[in-house]
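This is what each chain is made of:
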There are 4 protein chains.
Amino acid sequence: MTTAPNMQSMSLSLPHKWMERYGKVRNQTLRLVETLAPDDQMVQSMPEASPTKWHIAHTTWFFETFILKPYMRDYIPFDARFTGLFNSYYKRLGDHPDRTIRSTFSRPTLDQIFLYRNYVDKDIRNLLDHDASPRILQLLELGLNHEQQHQELIITDIKHAFWTNPLRPGYQPNQIRSVEWGAPSLTWHCFNEGVYEVGHDMGGFAFDNELPRHLTYIQPFSMASRLVTNKEYLTFMADGGYTRPELWLSDAWDHVCAHSWTAPLYWEQAGDEWTQFTCRGTLPLNLSEPVCHVSFYEADAFARWAGARLPTEFEWEVAADSIGISGNFLEDENYHPRPAGTQAGLQQIFGDTWEWTASPYSAYPGYCVPEGIEGEYNGKFMCNQMVLRGGSCITPVSHMRKSYRNYFPPHMRWQFSGIRLAHDGRFHVGADS
Amino acid sequence: MTTAPNMQSMSLSLPHKWMERYGKVRNQTLRLVETLAPDDQMVQSMPEASPTKWHIAHTTWFFETFILKPYMRDYIPFDARFTGLFNSYYKRLGDHPDRTIRSTFSRPTLDQIFLYRNYVDKDIRNLLDHDASPRILQLLELGLNHEQQHQELIITDIKHAFWTNPLRPGYQPNQIRSVEWGAPSLTWHCFNEGVYEVGHDMGGFAFDNELPRHLTYIQPFSMASRLVTNKEYLTFMADGGYTRPELWLSDAWDHVCAHSWTAPLYWEQAGDEWTQFTCRGTLPLNLSEPVCHVSFYEADAFARWAGARLPTEFEWEVAADSIGISGNFLEDENYHPRPAGTQAGLQQIFGDTWEWTASPYSAYPGYCVPEGIEGEYNGKFMCNQMVLRGGSCITPVSHMRKSYRNYFPPHMRWQFSGIRLAHDGRFHVGADS
Amino acid sequence: MTTAPNMQSMSLSLPHKWMERYGKVRNQTLRLVETLAPDDQMVQSMPEASPTKWHIAHTTWFFETFILKPYMRDYIPFDARFTGLFNSYYKRLGDHPDRTIRSTFSRPTLDQIFLYRNYVDKDIRNLLDHDASPRILQLLELGLNHEQQHQELIITDIKHAFWTNPLRPGYQPNQIRSVEWGAPSLTWHCFNEGVYEVGHDMGGFAFDNELPRHLTYIQPFSMASRLVTNKEYLTFMADGGYTRPELWLSDAWDHVCAHSWTAPLYWEQAGDEWTQFTCRGTLPLNLSEPVCHVSFYEADAFARWAGARLPTEFEWEVAADSIGISGNFLEDENYHPRPAGTQAGLQQIFGDTWEWTASPYSAYPGYCVPEGIEGEYNGKFMCNQMVLRGGSCITPVSHMRKSYRNYFPPHMRWQFSGIRLAHDGRFHVGADS
Amino acid sequence: MTTAPNMQSMSLSLPHKWMERYGKVRNQTLRLVETLAPDDQMVQSMPEASPTKWHIAHTTWFFETFILKPYMRDYIPFDARFTGLFNSYYKRLGDHPDRTIRSTFSRPTLDQIFLYRNYVDKDIRNLLDHDASPRILQLLELGLNHEQQHQELIITDIKHAFWTNPLRPGYQPNQIRSVEWGAPSLTWHCFNEGVYEVGHDMGGFAFDNELPRHLTYIQPFSMASRLVTNKEYLTFMADGGYTRPELWLSDAWDHVCAHSWTAPLYWEQAGDEWTQFTCRGTLPLNLSEPVCHVSFYEADAFARWAGARLPTEFEWEVAADSIGISGNFLEDENYHPRPAGTQAGLQQIFGDTWEWTASPYSAYPGYCVPEGIEGEYNGKFMCNQMVLRGGSCITPVSHMRKSYRNYFPPHMRWQFSGIRLAHDGRFHVGADS
């Protein structure tokens, strides 16, 4: 279990502190890919995923494009053609390749991309040595958070890539798993009605979409003590979960039928047993673990079946308010959620799996799109997506905040996304896992 | 201009009052289709639209299926096969045809559908004469509101059908339009921060999605005095509105490119002039009229271009609180929005065009899906749609409420949907139309 | 059973003979649609099919566009907009509507289309009275043959339309069927190797694609005495016909899988029994009848399973050479194939079902595309289609010729298409049906 | 220019001769990929293309699956899972991956695939040393011809892969091209009517689809002396070739419109000049070279525009009868077609570009699908494809025969396919290039 460093109190105003943090985040990316062959790093198994190699190049491109080009005097680009090639979606920078063709970027080769990475790292260090203006440090922090987001995507995307390969290789085949324990009973934690303050409190870094901090009115609600387990999800399935339209949203049911969904992503039935594809390859399904790789559609249907609902993002934020950011994160190198512990209080709020909320991803009251290129970072995606909260077992712990808003379309499930239940009012009935 | 009858005070507990209302709503449907040939009533010009004839049958089916079959002793169905045939999407009733094949329902013929309609009407009257239980009256009221929704769809769908026909016939070709006037300058109306009560207040009918009435916290905001005009929208277009990705949400921009949008639906450029296809056929674009048949995507992009934003549905509801339900509605038989008047105060809040809000369509806190078949009416669509408020020139006035929530996917624009701007805080700068 | 009139010897040079024939063909179209409601005539149940009403208008459009407009002095078009509206695919005439939107042509209404029809008929008669030039007569004959092709399509398209309607109405519900008999054993007829002459012999009308008559070399072959029966096809199905990829062409197998084909079009299994949707509604499958509504893919797979093959179009033409054009045609008003008779010799060569051949639809050596508008009639479709021969139970008998080449893409099966087997060399083993 | 070895007379019955040939072909494959990075070998830029790496594995798989497994006693497979993984489309071997996911086969890595290759090579040599039965030699020869086909596909597919990469790298960037010369005037060579013998003459290897040799009747025709040049094709384009529907087959025109074709594949306009992407990168268009990378649709439209037509495959075979197999082939390492020479007689019959014929790909009279696994090699593709003849600049010369039939769907153009014109009858008018 990993606990977040106290970022707010860490003085990052000193350049050498920034350099240390830059090195740490950049190295973390390299560690994640060290077991991958050049072949692996070329795979794009669906349009929403990207090749590992592209992630390595694009995160480097971010520093080059947002910092070195505008702010470093006499900067000579590593290769001028990369500005367009590795642009993901920043329209202000001009045309960019359709995201579906990233798997054709065999050139530059992986070796050249590592040279590109070193080249940019060297100049970033030079720049920090000589000109660490607040604007540059602001962009540097954005770039490091950007890279941490792509660290998570490197894992989600390679997991999907390996799943698509009929041989089903594991990302970390030799990892030994810790002994498992049973999940504790689910209990409910009640919260009072009233006006609450939500959003980022302006200490330390936050994305623009977490701002401004503002008041909101919340009705009384109860929050489940832990994530929904595989065992509970199997009960839903055994009760006809995937065959009863009355449990599903209309769009959800259409999607279930069109894609013949009968279980979460990465699950397969072998005789009477279920297996689950993980970063360690295909394993028997562990009943105590939180269900993972479900879409919003499935999370919502499960909650309806369970006589409950999903929490809103503000209910989640209120519930998380008194809880320290600690849990099963990327640094634990499990790359897989773990069963809840037996402590009192809310469990698994942070780490393990992202938690789908009932909240569509929208702007906060008074939200302003940032000036400049980073204006395309978050705001333009505020449509047709649902908010997820709390981070997962592949999120870097230093990337997490209580006000952090992740978002994905309601049908996607290749992220490490799971389910926490909520209830209107003060709910006391326990459920046994 | 039509003003809503005071529904709440009208005593509908007396059966003859109900019969009167039933007859009035049912006749209104017939009046809307009296100029249409049997051929016209077969057209389904896109999957989201339905043939007129299907609307006539389905609204009748609603009364038969929800009232006569469960509640009338010894009811003999007109044709047992219609239960499946005219089911729109009620999964609890069993399989139903895919909505895309409604244009193949040549049998029953239109004549037979009118016989079906008379048959059901007669038995509904019989039932009301002998057994007007509260549950039956509740379902009857739901059925009448359901029929009014389909009255609106009859117009939107036949307008699109005639537009798709290369001959572009008009729905009401002989209607003479009133003389037009210029739209007044746009001004801003300010509202204070605080906790507000929103949702239906339980007097009279409401759909389940307007409930429960609840408290919400609203930040200070300003609301535009009238709808955005065609003239203002042309300025947006002339300023490159449809060619500048920075004005659009990401999904919106992809949609604009994929569908080569360059103007609202039904607009066509003829030399220097723009025309607009209306229920009276193709007419020159009237600059003073509110822009209509825009998607949420376009409404949102226009607002961003204008330095403003769309109101949330609760801001809209707060702003509408003190305004009477009166405006250009279906009963005015304009079938087209009209320019704003010169009165002080907020104009065009009701009627003319539905107003896209910034609010995704979600459940209110404490929302309960109704028991029984009507549970599939609203709740299951709470995903991937945006809320519209205020009704349009083809909404029956007696169907409108301040708490009424209409909803459509953000890319759709065949409804009579327009734009009202809003602003954070107290905004005073006027814009000249 | 209908026998073709001796067209070649009938003197059509006299105008009154032409007028008689014109009236006869035009009336036949009207007879085919007299039981259809205006609603029925609007249905387009798939892109390849057209509404009945469109067929009525388009065949009239053909005479107006190809004859009246270019050759009648002072001809006043019925409605100038129809030139574009009812153009099927003649690019030389300018833009035409996409074929998928024909179901939106509610205007002109059916009544107006009948007025259009009468209007054109009157002027055609006037023209024939005063100016029956050879060119006009040539175009008239083409127009009549064109109309006969659309008579066949009227039946195939309305049959598919009624099939798509969940109520499954019959086109001729009150027709009584003749008593059925068992199909005779299948025998083989042998033909010698050598140089044969094929193609139209220039007596009477032919389409350009039947020309020029030319020499071809044919290896020895045998031809089955009758069409494959439903009973034989069921044996193929029971033997895993639709589940064994080795029986199918590669494209065919992909199509079978993608569309989940398990039986011919219009077949449905009800318990142990099979039914077949016909022009008389849904009937039990008659085992003695020829299998119908199979694609080329299915015909080819069946032949491979049977240890045989399909004949080439020239083998078929050679086999048909000594046989009179007589059989179960449109005029018999069966609208359905019938079992083979017990006569000696080749049975069912003409009528009953079109026979898929092994021949891709290509130009004959020396083929010339006709000058003028009729140049778009046949030649431009010579790709990705297979030739069918012999006519069907819904082909007008006077439309048939031994050299007649029908053609459809290999996956289509809404035409009345069946299977005749052939063999290399002199084949003598009989098969029992 | 490369001339084919006299395969027929080469005694391949001696095992060491077979081993020599095996080594030669297998080494040729390795030579073709030696400049490619592991990244390059992962790219699959469209469903019809395959990653280089897959070609290397699949050709090895062919020898293992067709020879070692059935015929080598105690053969231990390199990896049992490869049987399914590298199966292209042999249904008899069981399920195989959908061809669209070959780009996800990052494991086995390229290194492992080379080990697999060596492993199989070693056992093939062992087998030949001890058991060179006729059946094994027959399959070995099939496997070598199969590998040569994939050598050609390695080039076509990597060329397309590099084209899809926005950086447009060259396959052989450092190659220097020979000086170019003008193409000679086009003349016509006449052939007499009569019965000809076509198909393979049974000396040496041939695919089953070249058999049986048989008689066919051919009408008098003329054949163009050389391939159509880029200059001639530009004239077609300048004359509105891509905008005049009357020049195109119906399916062709639909395809042109749907894909916005305005030039051959790999052509781009830069100002007034055209460039062409080649294996050496992007180069100015050489007007004397044969036009290449055109579809059948384009070849057919060009021929119609030119007042000519494409030859049938038998006309081509008759014309090629007296010509030696010699030309610009793979071994010349041009990887690009070259202008015709100035010799008398038919030029460029072999090599340079495959020549689209007017012949749909069908079975020869008396064609028998081979017994065993190789039965799926050719026969099941005999639908919806057109025959190409003569080989291209990337075909190994020892792979070519006069009776060789290549085939592709009419819209595909990533192969090195060009145009030779033909004419009915004895045609004498020359055209100047």
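Sequence order as written defines residue numbering, which begins from 1 separately in each chain. All chains are assigned letters beginning with A, and all ligands numbers beginning with 1, in the order in which they are written. Local features in a predicted model are, by the rule used here, given only for residues with pLDDT of at least 70; side-chain atom pairs are given and counted only at 80 or more, and totals for whole chains, interfaces and linings are based on all residues. Excluded from the side-chain calculations are hydrogens and water; all other atoms, namely the structure's heavy atoms, are used.

- Going by an unreviewed UniProt entry, chain A carries the name Ergothioneine biosynthesis protein EgtB and comes from Nitrosospira multiformis.

1. Topic: the domain arrangement of chain A
Residue and element names in this part refer to chain A.
For step 1, the next point in the chain: Taken domain by domain, chain A comprises domain 1 (7-164) and domain 2 (188-432).
For step 2, the next point in the chain: On the side of domain 2, 35 residues touch domain 1, which itself brings 33 residues to the contact.
For step 3, the next point in the chain: A 1.4 Å probe defines the accessible area here, and the buried area is the portion of it lost by two parts on being joined, summed over both. For the pair domain 1 and domain 2, the summed buried surface comes to about 3100 Å²; carbon and sulfur atoms form 62% of the total.
For step 4, the next point in the chain: The three residues of domain 1 that bury the most area against domain 2 are Glu152, Lys159 and Trp163, which together make up 25% of that side's buried surface. Boundaries between domains were set according to an automatic or database domain assignment. Residue contacts are counted whenever heavy atoms from the two residues lie within 4.5 Å of one another.

2. A short note on the relation of the copies chain C and chain B
For step 1, the next point in the chain: Overlay of chain C on chain B (RMSD 0.0 Å): rotation 180°, translation along the axis 0.0 Å. Here the two chains are linked by the operation of a two-fold rotation axis.
For step 2, the next point in the chain: When the interface residues of chain C are mapped onto chain B, 100% of them again fall at the interface, so both copies present the same face. Here the copies are matched by least squares. The fit uses the C-alpha atoms of residues with pLDDT of at least 70 in both.

3. Brief notes about the interface of chain C and chain B
For step 1, the next point in the chain: Of the residues lining the interface, 30 residues belong to chain C; the matching set on chain B comes to 30 residues.
For step 2, the next point in the chain: Interface area, chain C with chain B, both sides summed: about 2300 Å², of which 62% is carbon and sulfur.
For step 3, the next point in the chain: Broken down residue by residue, the surface that chain C buries against chain B is led by Asp39, Arg107 and Leu167 of chain C, which jointly contribute 31%.
For step 4, the next point in the chain: For salt bridges, the criterion is a side-chain nitrogen of Lys or Arg within 4 Å of an Asp or Glu carboxyl oxygen. Across the contact surface, chain C and chain B share four salt bridges.
For step 5, the next point in the chain: We note a salt bridge from aspartate 39 of chain B to lysine 53 of chain C, for which the minimum N-O separation is 2.7 Å.
For step 6, the next point in the chain: N or O atoms closer than or at 3.5 Å make up a polar contact, with two conditions inside protein: a donor-capable atom paired with an acceptor-capable one, and, for residues adjacent in sequence, both atoms drawn from side chains. Our enumeration of links across chain C and chain B arrives at 10 residue pairs in polar contact (both at pLDDT 80 or more).
For step 7, the next point in the chain: In this text, helices come from DSSP runs of H or I with a minimum length of four residues, and strands from runs of E with a minimum of two, each type numbered from the N-terminal end. If you list the elements that add at least two residues to the side of chain C that touches chain B, you get helix H3 (82-85) and helix H5 (134-164) of chain C.
For step 8, the next point in the chain: Three classes are used, and their members are as follows: Ala, Val, Leu, Ile, Met, Phe, Trp, Tyr, Cys and Pro are nonpolar, Asp, Glu, Lys and Arg are charged, and the others, Gly among them, are polar. Here the residues of the side of chain C that touches chain B are counted per class, giving 17 nonpolar, eight polar and five charged.

4. Here's the deal with the UniProt feature "domain: Sulfatase-modifying factor enzyme-like" (unreviewed entry) in chain A
Residues and elements named next belong to chain A.
For step 1, the next point in the chain: Those residues carrying the UniProt feature "domain: Sulfatase-modifying factor enzyme-like" (unreviewed entry) are residues 194-321 and 342-422 in this numbering.
For step 2, the next point in the chain: For residues 194-321, the helix share is 27%, the strand share is 22%, and the end-to-end C-alpha distance is 15 Å.
For step 3, the next point in the chain: Along residues 342-422, the helical share is 0% and the strand share 21%, with 20 Å between the first and last C-alpha atoms. UniProt positions are given in the numbering used here, feature names are shortened, and annotations may be inferred rather than shown by experiment.

5. Regarding the packing of aromatic side chains
Residue and element names in this part refer to chain B.
For step 1, the next point in the chain: Whether two aromatic rings pair depends on their centres lying within 6.5 Å, for rings of Phe, Tyr and Trp, where Trp uses its six-membered ring; planes under 30 degrees apart make the pair stacked, over 60 edge-to-face, and the rest tilted. Counted by the stated rule, this structure contains 165 aromatic pairs over all chains.
For step 2, the next point in the chain: Here the aromatic rings of phenylalanine 236 and tryptophan 305 are separated by 5.6 Å at their centres, their planes lie at 65°, and the arrangement is edge-to-face. Linking phenylalanine 236 in helix H6 (residues 230-238) with tryptophan 305 in helix H8 (residues 296-305), this pair joins segments that are 69 residues apart in sequence.
For step 3, the next point in the chain: The class for phenylalanine 236 is buried, based on a relative accessible area of 0%. Whether a residue is buried, partly exposed or exposed follows from its accessible area with a 1.4 Å probe, protein chains only, as a fraction of its type maximum: under 20%, in between, or over 50%, in that order.

6. Quick look at the sheet that holds strand E11 (residues 386-389) of chain C
Residue and element names in this part refer to chain C.
For step 1, the next point in the chain: Note: two strands are recorded as paired if DSSP finds a minimum of 2 bridges between them. Spatial strand order, E12-E11-E10-E13: four strands in an open sheet with mixed pairing. Pairing within the sheet leaves two strands with one partner each, and these edge strands are strand E12 (406-408) and strand E13 (417-418).
For step 2, the next point in the chain: As judged from the three bridges shared by E11 and E12, these two strands associate in the antiparallel manner. Within E12, the residue paired with valine 387 across the bridge is tyrosine 407.
For step 3, the next point in the chain: What counts as an axis is a line fitted to C-alpha atoms, over the stretch in contact for a helix, and the angles between N-to-C directions run from 0 to 180 degrees. Running at roughly 15° to E11, helix H9 (residues 313-320) makes contact with strand E10 (354-360) and E11 of the sheet.

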